[in-house]
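A closer look at the structure
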Amino acid sequence: DVKVTQSSRYLVKRTGEKVFLECVQDMDHENMFWYRQDPGLGLRLIYFSYDVKMKEKGDIPEGYSVSREKKERFSLILESASTNQTSMYLCASSFGGAKNIQYFGAGTRLSVL
Amino acid sequence: EDQVTQSPEALRLQEGESSSLNCSYTVSGLRGLFWYRQDPGKGPEFLFTLYSAGEEKEKERLKATLTKKESFLHITAPKPEDSATYLCAVQAYHRGGADGLTFGKGTHLIIQP
């Protein structure tokens, strides 16, 4: 069974704080992804990584950065949290190649006050 | 720009009442179309992936089909436990091998006993 684990289910932070969201997968997947999900907007891709230390911007990267120092771990960083970053954050992973099904974690609900 | 539109936004059915959910898409070079199920407060759960027009896949009461412009998720004789939000997503060749998915906003399905 594929397991994608997000370190926190709920987080409450203050504006201006630096926030780290952690994601770990146990299937030796090459690719990892960060999405955010908002009512009425659906899931939107923030960043993805196709290898250790490699990253690519998704559709909404502004205000975020990522880190992938080890294959199994992908971190999303909010350098200075703002209230418009209050959202559900979802991590996913997949194998490389033609049929790369993405498997999702349970999500982290972040509130920025 | 890739686009995915799902309809209806919400659907309420009686137990045993079959129906279909629609996913219309525009993408320059479809690599794959994905269906996910999402329960409240949880991450999306993978259901199906379809790669070429004419392809069909089935799992229990669910059947997914694909044409060049849209996909349908048919639900036959649904049960209350089928209640969830169903998400459709596309992956495009032009964005590279490890790229993320473009999601629709989902169909919220409620099955009443």
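The structure under discussion appears in the preceding block.
So, a few notes on the structure that sits alongside this text.

**Here we look at the overall build of chain B**
Per the secondary structure count, chain B includes 0 helices and 11 strands. Mapped from its N terminus to its C terminus, chain B presents α and β elements in the order β-β-β-β-β-β-β-β-β-β-β. The C-alpha radius of gyration of chain B comes to 14 Å, within 12% of the 13 Å expected for a compact globule of 113 residues. Considered along the principal axes of its C-alpha atoms, chain B spans approximately 45 × 30 × 20 Å. For chain B, the residues scored as buried account for 50% of the 113 residues in total. Across chain B, every contact between residues at least 6 apart in sequence was considered, and the portion connecting residues at least 24 apart equals 56%. Roughly 5300 Å² of accessible area belongs to chain B as shown, and the carbon and sulfur atoms make up 49% of that amount. Counting 13 positive and 15 negative side-chain charges, chain B places the averaged centre of each group 2 Å from the other.

**Structural notes on the nonpolar core**
Generally speaking, nonpolar side chains in soluble globular proteins are found buried as a group. Residues and elements named next belong to chain B. Formed by 23 residues in total, the largest nonpolar core has its most connected members in Leu33, Trp35, Leu73 and Tyr86. At the level of secondary structure, the elements contributing two or more residues to this core comprise β2 (10-14), β3 (19-26), β4 (30-38), β5 (45-50), β7 (62-66), β8 (70-75), β9 (84-92) and β11 (107-112). Among the elements that take part in this core, β9 stands out by supplying 4 residues, more than any other. Setting aside anything within four residues of it in sequence, one finds Leu33 in contact with Cys23, Tyr25, Phe48, Thr49, Leu50, Leu66, Ser71, Cys88, Ala89 and Val90.

**Comments concerning the pairing of strand β6 (residues 54-57) of chain A**
All names here are of chain A. Note: strand β5 (residues 42-51) against β6, 3 bridges, orientation antiparallel. Across the sheet, Phe48 pairs through a bridge with Glu56, a residue of β6. Here β5 folds back onto β6 in antiparallel fashion, the turn holding 2 residues, of which Lys53 has a positive phi close to 65°.

**Let's talk about the layout of surface pockets**
Within this model, the largest pocket holds a volume of roughly 520 Å³. For the lining of the largest pocket, the elements supplying multiple residues, two or more each, are β4 (31-38), β5 and β9 (87-94) of chain A together with β9 of chain B. Here the element with the most residues in the lining of the largest pocket is β9(B); it accounts for 3 residues. Considered class by class, the residues forming the lining of the largest pocket number 7 nonpolar, 10 polar and 6 charged. Volume-wise, the second largest pocket comes out at about 440 Å³. Elements that contribute at least two residues to the lining of the second largest pocket include exactly β1 (4-6) and β10 (103-104) of chain A together with β4 and β5 of chain B.

**Some thoughts on the environment of A:Ser111**
All names here are of chain A. With respect to the helices, strands and loops of the structure, Ser111 is situated in strand β11 (residues 108-112). Judged by relative accessible area, Ser111 falls into the partly exposed class, the value being 26%. On a C-alpha basis, the gap between Ser111 and Val12 in space is 4.8 Å, while along the polypeptide they are 99 residues apart. Those residues in contact with Ser111 that lie beyond four places of it in its chain are Leu11, Val12, Lys13 and Thr86.

Reading guide: rules and limits
Residues numbered from 1 in each chain as written. Chains lettered and ligands numbered in written order. Predicted model: local features only at pLDDT ≥ 70, side-chain atom pairs only at ≥ 80, totals over all residues. Heavy atoms only, no water. Helix = DSSP H or I, 4+ residues; strand = E, 2+ residues; numbered from the N terminus. Rg over C-alpha atoms; globule rule 2.2 N^0.38 Å. Buried < 20%, exposed > 50% of the residue type's maximum accessible area, 1.4 Å probe, protein only. Contact = heavy atoms within 4.5 Å. Areas by Shrake-Rupley, 256 points an atom, 1.4 Å probe, with all protein chains shown as cover. Lys, Arg positive; Asp, Glu negative; His and termini not counted. Charge placed at Lys NZ, Arg CZ, Asp CG, Glu CD. Core = buried A, V, L, I, M, F, W, Y, C linked by side-chain atoms within 4.5 Å. Pairing = 2+ DSSP bridges. 1 Å grid on protein atoms, 1.4 Å probe; cavity = no way out; pocket = protein on both sides within 12 Å on 5 of 7 lines; lining within 4 Å. Points joined across faces, edges and corners; volume = space filled by probe spheres on them. Nonpolar A, V, L, I, M, F, W, Y, C, P; charged D, E, K, R; others polar.

Function cannot be read off these values alone, since they describe shape.
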